[in-house]
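Residue-level structural notes
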Amino acid sequence: MDSIAVLPYYRVQREVTALSQEIEMNARTMTLYSDRIVTKYREFMITEVFDMSFRRMGQEGGFFYLHTSTGVYPYMVEIDPKPFIQTFHQVAIGRLK
């Protein structure tokens, strides 16, 4: 099945030792299909996703929130996810018809 939209996100991983702190940013992608949303470690059926929201932090990026039947999942993004959210709403409305 072909993807409809893709949203790049990242995860920051910090490793602290007695002498230093290492910060690693892992780039990942969230993919929207007609029936599901897939991240690196999770898969959500469209029927389980209630909504999506975004909170800007600073000048660039912020937190993208995926509101699902099992909870709210935050993802750090560098770009405005508005096109991804709009595409999701079109897909969700199309499934209701």
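For clarity, every value in this text was computed on a predicted model and none was experimentally measured.

Scored by pLDDT, the chain comes out at a mean of 91, with 97% of its residues at no less than 70. No element of the chain has a lower mean pLDDT than helix α1 (residues 82-96), which averages 87, and none a higher one than strand β3 (residues 36-38), which averages 97.

A few words on the pattern of salt bridges. This structure, assessed with the given rule, holds three salt bridges. Measuring nitrogen to oxygen at the nearest pair gives 2.9 Å for the salt bridge that ties arginine 36 to aspartate 35. With a shortest N-O distance of 4.0 Å, aspartate 80 and arginine 56 are connected by a salt bridge. In this pair, aspartate 80 sits in the loop between β7 (71-77) and α1 while arginine 56 sits in strand β5 (residues 49-56), placing the two residues 24 residues apart along the sequence. Given the relative accessible area of 39%, aspartate 80 is considered partly exposed.

A probe matching the size of a water molecule, rolled over the atoms, marks out where space remains unfilled. There is about 240 Å³ of room inside the largest pocket. Together, 13 residues line the largest pocket, and Tyr9, Arg11, Arg28, Pro74 and Tyr75 are the ones closest to its centre. Every element with two or more residues in the lining of the largest pocket is listed here: β1 (5-16) and β7. By residue class, the composition of the lining of the largest pocket is nine nonpolar, one polar and three charged.

Below, the discussion takes up the environment of serine 69. Looking at where serine 69 falls in the secondary structure, it is placed in the loop between β6 (62-68) and β7. Excluding residues within four positions of it along the chain, serine 69 makes contact with Glu48 and Phe50.

Glancing now at the nonpolar core. Generally speaking, soluble globular proteins have nonpolar side chains that are buried together. Within the largest apolar cluster, 19 residues are counted, with the highest numbers of intra-cluster contacts made by Ile37, Met52, Phe64 and Leu66. Broken down by secondary-structure element, the contributors of at least two residues to this core are β1, β2 (21-32), β5, β6, β7 and α1. Broken down by element, this core gets its largest block of residues, four residues, from α1. Discounting residues that sit within four places of it in the chain, phenylalanine 64 has contacts with Leu7, Met30, Met52, Ser53, Phe54, Tyr73, Pro74, Tyr75, Val77, Pro81, Phe84 and Ile85.

Reading the values: the criteria
- Here the residue index of a chain counts from 1 through its sequence in written order.
- Where totals are concerned, whole chains, interfaces and linings use all residues; where local detail is concerned, this predicted model gives features only for residues with pLDDT of at least 70, and gives and counts side-chain atom pairs only at 80 or more.
- Computation of side-chain values: all heavy atoms of the structure, hydrogens and water removed.
- pLDDT is a per-residue confidence score from the predictor, ranging from 0 to 100.
- Strands here are runs of E lasting at least two residues and helices are runs of H or I lasting at least four, both read from the DSSP assignment and numbered beginning at the N terminus.
- Any carboxyl oxygen of Asp or Glu within 4 Å of a side-chain nitrogen of Lys or Arg constitutes a salt bridge here.
- Using a 1.4 Å probe on the protein chains alone, a residue whose accessible area is under 20% of its type maximum counts as buried, one over 50% counts as exposed, and one in between counts as partly exposed.
- Using protein atoms alone on a 1 Å grid, points that fit a 1.4 Å probe yet trap it form a cavity, whereas open point sets bounded by protein on both sides within 12 Å along at least five of seven lines form a pocket; residues with an atom within 4 Å of a point count as lining.
- Grid points are joined across faces, edges and corners, and a volume is the space filled by probe spheres set on the points.
- Under the grouping applied here, Gly and all other residues not named as nonpolar or charged are polar, the nonpolar ones being Ala, Val, Leu, Ile, Met, Phe, Trp, Tyr, Cys and Pro and the charged ones Asp, Glu, Lys and Arg.
- Contacts are assigned to residue pairs with any non-hydrogen atoms lying within 4.5 Å of each other.
- By nonpolar core we mean a set of buried residues, namely Ala, Val, Leu, Ile, Met, Phe, Trp, Tyr and Cys, connected to one another through side-chain atoms within 4.5 Å.

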